[in-house]
Each structure stands twice: as structure tokens, then as C-alpha cells.
Amino acid sequence: MPKAQETILEIDLKALKHNFEYLKSQTKPGTKLLAVVKAFAYGSDANEIANYLQELGVDYFAVAYIHEGIALRQAGITKPILVLHPQAVNFKLLIDHCLEPSIYSTKILNEFIEIATKEKQTHYPVHIKFNTGLNRLGFAENNVDYLISKLKETTSIKVASIFSHLAASEDLTEKAFTLNQIQSFKNISEDFIPMLGYKPILHICNTSGILNYPEAHFDMIRTGIGLYGFGNSEKENKHFKPIATLKTIISQIHTIEKGQSIGYNRAYKSDAQMKTATLPIGHADGIGRQYGKGKGFVTIHGQRAPIIGNVCMDMIMVNITNIDCKEGDEVIVFGPDSTAEQLAEQVHTISYELITAISQRVKRVFLK
Ligand SMILES: *Cc1c(COP(=O)(O)O)cnc(C)c1O
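Residues numbered from 1 in each chain as written. Predicted model: local features only at pLDDT ≥ 70, side-chain atom pairs only at ≥ 80, totals over all residues. Heavy atoms only, no water.

An unreviewed UniProt entry annotates the chain as Alanine racemase of Yeosuana aromativorans. The Sequence similarities (unreviewed entry) field of the UniProt record for the chain holds the comment "Belongs to the alanine racemase family." Annotation of the chain in UniProt includes, under Function (unreviewed entry), the sentence "Catalyzes the interconversion of L-alanine and D-alanine. May also act on other amino acids." (UniProt positions renumbered as here; feature names shortened; annotations may be inferred.)

Here it is as C-alpha cells:
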């Protein structure tokens, strides 16, 4: 791999393939795989990632919002795309780009039927979302009769899938709760399908659900974080390879005398002579201010250098007093060895938050 000469997010498509194949190997033959590529494929690059997954034979994609789906269509994605949280204002655009809405409430159902009818659609695929305990989006179990009556009134839409989302699939102390969600999803589908008269795809598992509840894979699994190389525990992480390495370089090295301060608000004051390196990455690139004041760290020549003082918009300063390095040397913020999850833990957050925050101004470089 060539050394970084600026801040880059290097994305290893071989690692993505490994994660994809591992997840597939955990399912029965015939189980479909939906790749969740919302939020720029968790901060990597939705277009490249989705195109590569399409080559690998993924069955479905999901994004959160309609505009994310439009971008994928424009990048050449032809597989079905489920929009998890569509807004009615964009329904015409959704139809124009053959995106498939999650229908989670009576209001959104009526709004979608109205526009699908106006646009002269027949059997337009929609996905009915049920709330089985997350209490975020979805119909209640006792909405089934109403839903069926609405669906029988129209030929504009058809149900491509029914699904739900687990609240605590990674937390084995919540196993009873999760099993209850799965049972409630089963009850709903056993009610719903005979009344509907045809069989939609059933799906409930996210990455941790796939690993911890193999009996609940149904017809399709939905995976996001696993594809990008993380699980939600050390045990889960073992199976995955982080696909992204955030690299930067040393712009300048300073020798700081005892009593001098470093950065804005003089947040760090040195109590002895020390050496610092200034790096071209800051909170506008996704390394939030919470990583400052010694909480976050980077790796230079295999050694940890803590971030000192406040994180600036475009820069951080790190302590390199005991590291043999020079201006222009490569710096790893996170990667396969020093992971995004370990860095995120320093500020009590999760890998999901850190990786999706890496801003679009950081150049993406693909290793194929
Ligand atoms: C984001 C999301 C997923 C993916 O979850 P991971 O834990 O990243 O696998 C699956 N389903 C829904 C409804 C989501 O919003």
C-alpha cells in the first residue's frame, strides 16, 4: 500500500468481500441478503460499496432516505432498494427512481396509495414495517385487519415484504425480550399472510441478530455494520474485518517548552519539554471535540500518540514526545489493528457513530 500523503479513508474491498461471504455462510441456502448502505455505506462510500456488493450478488439494498436511493440509482444500482424512512414529500421521486418504501404508519400508507394511484402504478412494491418492541417506527400487531382492508381496496401497491427491527439483538441479557419480539413477528406474519393471499419476504435480523438468532433469519437478513467489519461485541468482531483505514500525515512537529500551552483555549499546558505533531484532520472531518484532551489517540509507527488540547475544525495536535517520527510520516487514526471501535470506546460511543461521522471531504481511496 502506498503511504498516505494527505488525509484519506482507505477502503479495502477484499475485507468487504470477506465480511459478505462470512455473513452469507451463516445463513441457509436461499436466504436473501439485504445490504444496508445508508449514510454513505456507514461513512465509507455508498456508490462504490453498493456496486461491488451488486457484483458479489447481493439481493437487496436499504437506505434511510429517498435521496440516498436516488444517488444509488444514478451510480448504476439496479437491484431493489428499500427506503427505510421515506418522507411523503419525496414519494413522486421515489416512484420515478423505482425505490421501495417502508410503510410504517396509517398516514404514510394513505399518502403512498394516493400518489401511487395518481401516478397510475399497479402492484408497486412496498414493505410493511411492524413495531414489535423497539417503539421507533411501525404498525402495531392489532393493525393487521385494518392494513389488510386497505390493501384489498387498491391494486396500486403490493406487499414485497413484511419486516420488523430488533431492539437489543447484541445484548444476550435481553434474550427473553428479543425472543418475544421474534415470536410477535411470527404471530403477525401468520395472521397477515393468509389474509393477504400471497407470500411476501419476511425479515427481522440486523447484524447482531444474524449472529445471535439464526432461527430468526426468515427469508432475508439485513446487514450493515457486519459488512463494514464490526459486530457489537468482541465475540462478534472476531468474524469480521474492518474495511476502512483512516490515515493522515504529520504536517508539522513542534518542540514545546515547559509552561507553554497547546491549541485553542490553551486547553493543554505542558509541565515539561515535549514534542507535538499537528495533523490535517479535525472535527469537520469527523473527529469530534470529545476526542480531545487526551481521550482520543492516533497511531504513528505502531505507537499510540494521544490527542492533546482541543480538537480544531481542520487539525489536531498529538503528543509524540516518545515517538521517533518526522514531518510527512504516515499516521493511522483507525484501521484493522487499532480499530474504530477501540477509538469510539474512548469517548463512550460505538463504532457506528465514529465511522458514519467521517465527512465527505475526506478522500476515499479503494483497494481492490
Ligand atoms: C440500520 C438498520 C439495519 C442495519 O443494522 P446493523 O446493526 O448495522 O446490521 C437493519 N435494519 C434497520 C431497520 C436499520 O435501520
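Points about the site of the ligand
Close to the ligand lie 13 residues; Lys38, Tyr42, Thr207, Ile225 and Tyr352 are nearest. One nitrogen or oxygen atom from the side chain of Lys38 is found 2.7 Å from an oxygen atom belonging to the ligand. Here an oxygen atom of the ligand sits 2.6 Å away from a polar atom, N or O, in the side chain of Tyr352. For the ligand, whose accessible area on its own is 390 Å², the fraction buried by protein is 93%. Those elements giving two or more residues to the shell around the ligand turn out to be α2 (38-43) and β9 (220-223). (Near = heavy atom within 4 Å. Polar contact = N/O pair within 3.5 Å; in protein donor to acceptor, adjacent residues only side chain to side chain. Areas by Shrake-Rupley, 256 points an atom, 1.4 Å probe, with all protein chains shown as cover. Helix = DSSP H or I, 4+ residues; strand = E, 2+ residues; numbered from the N terminus.)

So, helix α3 (residues 46-56)
Among all positions in α3, only Ala46, Ile49, Ala50, Tyr52, Leu53 and Gln54 are buried. With a side-chain oxygen lying 3.2 Å from the backbone nitrogen of Asn47, the N-terminal cap of α3 falls on Asp45. Within two residues after α3, Gly57 carries a phi angle of roughly 100°, on the positive side. (Buried < 20%, exposed > 50% of the residue type's maximum accessible area, 1.4 Å probe, protein only.)

Comments concerning the domain arrangement of the chain
Splitting the chain by domain gives domain 1 (31-228) and domain 2 (244-367). Of the residues lining the interface, nine residues belong to domain 1; the matching set on domain 2 comes to eight residues. Note on domain 1 versus domain 2: buried area summed over both sides is about 810 Å², and carbon and sulfur give 65% of it. The three residues of domain 1 that bury the most area against domain 2 are Tyr42, Gly43 and Ile225, which together make up 48% of that side's buried surface. For the interface between domain 1 and domain 2, the tally reads zero salt bridges. Across the domain 1-domain 2 interface, the total number found is two residue pairs in polar contact (both at pLDDT 80 or more). Put simply, the parts of the chain that give the side of domain 1 that touches domain 2 at least two residues each are α2 and α10 (225-228). Of the residues forming the side of domain 1 that touches domain 2, the biggest block, four residues, is contributed by α2. (Domains from an automatic or database assignment. Contact = heavy atoms within 4.5 Å. Buried area = accessible area lost by both parts, 1.4 Å probe. Salt bridge = Lys/Arg side-chain N within 4 Å of Asp/Glu carboxyl O.)

Things to note about the side chain of Asn237
Its location among the elements puts Asn237 in helix α11 (residues 234-237). Of the polar contacts made by the side chain of Asn237, one reaches the side chain of Glu341; its length is 2.4 Å. Not counting the four nearest positions on each side in its chain, Asn237 is found in contact with Phe230, Gly231, Asn232 and Glu341.

A few points about the pattern of salt bridges
Taken as a whole and assessed by the stated rule, the structure comprises 13 salt bridges. Between Glu6 and Lys363 there is a salt bridge; the shortest N-O distance is 3.6 Å. Taken together, the residues span a long stretch of sequence, with Glu6 in the segment before β1 (8-12) and Lys363 in strand β19 (residues 363-367) at a distance of 357 residues. Residue Glu6 is classed as partly exposed on the basis of its relative accessible area, which comes to 39%. Through salt bridges with shared partners, one network takes in Glu10, Lys247 and Glu330.

Overview of the packing of aromatic side chains
Counted under the stated rule, the structure contains eight aromatic pairs. With 4.9 Å between their ring centres and 80° between their planes, Phe91 and Phe112 make a pair best called edge-to-face. You can see Phe91 sitting in helix α5 (residues 91-96) and its partner Phe112 sitting in helix α6 (residues 106-118), a full 21 residues away along the chain. Grouping residues by exposure puts Phe91 and Phe112 together as buried. Seen in terms of ring centroids, Phe185 and Phe218 are 5.2 Å apart; in terms of plane orientation they differ by 85°. Their pairing is edge-to-face. Of this pair, Phe185 sits in helix α8 (residues 175-196) while Phe218 sits in the loop between α9 (207-212) and β9, and the two are 33 residues apart along the sequence. Note on Phe185: relative accessible area 0%, which makes it buried. Overall, the relative accessible area of 23% leaves Phe218 in the partly exposed class. Feature note: the residues Tyr42, Tyr228 and Tyr352 constitute an aromatic cluster, connected by ring pairs. For the cation-ring pair, Arg304 lies above Phe297, with the distance from its terminal atom to the ring centre recorded as 3.7 Å. (Phe/Tyr/Trp six-rings, centres within 6.5 Å; stacked < 30°, edge-to-face > 60°. Lys NZ or Arg CZ within 6 Å of the ring centre and 35° of its normal.)

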